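Structure at a glance
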Amino acid sequence: MSQVDFFPIRLKQGDALIVVDVQIDFLPGGALAVAGGDKIIPIVNSYIERFIRSHLPVFATRDWHPSHHRSFIAQGGPWPVHCVAGSNGAEFAPGLFLSDAAVIVSKGDTAEAEGYSAFENPELKHRLDNASIQRLFVCGIATDYCVLQTVRDALKLDYQVFLLHDALAAANVHPLDGLIAERIMADEGALLITLDDLS
Ligand code: VGL
Ligand code: ZN
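Attention in this report is confined to the structure presented alongside it.

The rules behind each value
Residues numbered from 1 in each chain as written. Chains lettered and ligands numbered in written order. Predicted model: local features only at pLDDT ≥ 70, side-chain atom pairs only at ≥ 80, totals over all residues. Heavy atoms only, no water. Pairing = 2+ DSSP bridges. Helix = DSSP H or I, 4+ residues; strand = E, 2+ residues; numbered from the N terminus. Axes fitted to C-alpha atoms, helices over the stretch in contact; angles between N-to-C directions. Contact = heavy atoms within 4.5 Å. Core = buried A, V, L, I, M, F, W, Y, C linked by side-chain atoms within 4.5 Å. Buried < 20%, exposed > 50% of the residue type's maximum accessible area, 1.4 Å probe, protein only. Near = heavy atom within 4 Å. Polar contact = N/O pair within 3.5 Å; in protein donor to acceptor, adjacent residues only side chain to side chain. Areas by Shrake-Rupley, 256 points an atom, 1.4 Å probe, with all protein chains shown as cover. 1 Å grid on protein atoms, 1.4 Å probe; cavity = no way out; pocket = protein on both sides within 12 Å on 5 of 7 lines; lining within 4 Å. Sits in = over half its atoms within 2 Å of the grid points. Nonpolar A, V, L, I, M, F, W, Y, C, P; charged D, E, K, R; others polar.

Here's the deal with the sheet that holds strand β5 (residues 160-169)
- Strand order across the open sheet formed by six strands is β3-β2-β1-β4-β5-β6, with parallel pairing between neighbours. Of all strands in the sheet, those with a lone pairing partner are β3 (103-107) and β6 (191-193), marking the two edges. If you compare each strand with its neighbour and ignore which way they point, the axes differ by 25° on average.
- Each of β1 (15-20), β2 (58-63), β4 (135-141), β5 and β6 is contacted by helix α2 (residues 41-53), which is oriented at about 155° to β1, the strand it contacts most.
- Together, β1, β2, β3 and β4 form the strand contacts of helix α3 (residues 122-130), whose direction differs from that of β2 by roughly 175°.

As for the nonpolar core
- Membership of the largest hydrophobic core comes to 63 residues, with the highest contact counts inside it found for Leu17, Leu128, Leu136, Phe137 and Val151.
- Element by element, the count of residues in this core is highest for β5, at seven residues.
- Dropping the residues within four chain positions of it, Leu136 is found in contact with Ala16, Ile18, Phe119, Leu128, Ala154, Tyr159, Gln160, Val161 and Phe162.

Re unusual backbone geometry
- With an omega of -5°, the peptide bond running from Ile141 to Ala142 counts as cis.
- Within the secondary structure layout, Ala142 lies in the loop between β4 and α4 (143-156).
- Although it is not a glycine, Asp21 sits at a positive phi angle of roughly 50°.
- Here Asp21 shows up in the loop between β1 and α2.

Some details on the site of ligand 1
- Every residue lining ligand 1 is accounted for by Asp21, Phe26, Leu32, Asp63, Trp79, His82, Tyr116, Ile141, Ala142, Tyr145 and Cys146.
- Contact distances for ligand 1 include 2.6 Å between an oxygen atom and a side-chain N or O atom of Asp21.
- Ile141 places a main-chain nitrogen or oxygen 3.4 Å from an oxygen atom of ligand 1.
- When isolated, ligand 1 has an accessible area of 260 Å², and the protein chains bury 98% of it.
- In this structure the site holding ligand 1 corresponds to the largest cavity.
- Here the shell around ligand 1 is built from residues that sort into eight nonpolar, one polar and two charged.

Re α4
- For α4, the set of buried residues is Thr143, Asp144, Cys146, Val147, Leu148, Thr150, Val151, Ala154 and Leu155.
- If you follow the buried residues of α4, they end up packed against β1, β3, β4, β5 and α5 (177-187).
- Remark: Asp158 follows α4 within two positions and exhibits a positive phi of approximately 75°.

Scope: geometric values only; no functional claims are made or implied.
Given below as C-alpha cells:
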C-alpha cells in the first residue's frame, strides 16, 4: 500500500489511545528521571484531546509498585525505588490532562510482577475486547522499557499498533536504547507516526 492510501490516518471506532506511565518519578527531578519526559506532555495532551473529542477510549497506565518491588536495587533489581503505590512520585504528571473518561491501568503492583507491559494487567485486554478495539495508538515513557514491552505484547495479540513518535521518551541507560527499541517495534509491525499524520 502506498503512503498516499494510508495517510492521513482517520481515527475511527475500534481505535484506542494508551498513554504509558506519564508519572512524576519518570520526569526530570523524579526518582527514575527520564530525559525529555516533561517535553512530551503537551503532545500527549493533544493526542488525548483528539481521542476524547472522537469519543474513543483513552487508557493511562501507571507503574504502581509495592515498597519492596523486585525491580528495586535493594531487592536485586536494576532500578532505584520509584512509583511506589500511593506515593507522590507515582502520581500522574500534574500537566497531564487526563479526562475523567480515561481508564487507569496499574501494573507491577505485586512484589513478583515485573510490570513493564501493561498487558500484565488482564484488565487491559478485557476492556479492549469489550470495546472491540483493533488499533492501538501508544505513547509515553519509557520507550525502551514499558512502551517497548506493551507494544510487543500488543503486536503478539494482533493489534495494529501506531507508535506515536513525537510523544515518547527513552530511559537510554545505554545511549542508543530508545532508537533500538523503536527499530524493534517497527520491525515487529508497529507504524511510527506523529500528530501531523492524523487527519
Ligand atoms: C519503567 C523502568 C522501571 C517504564 C518502569 O515505565 O518504562 N521503566 N519501571
Ligand atoms: Zn517500575
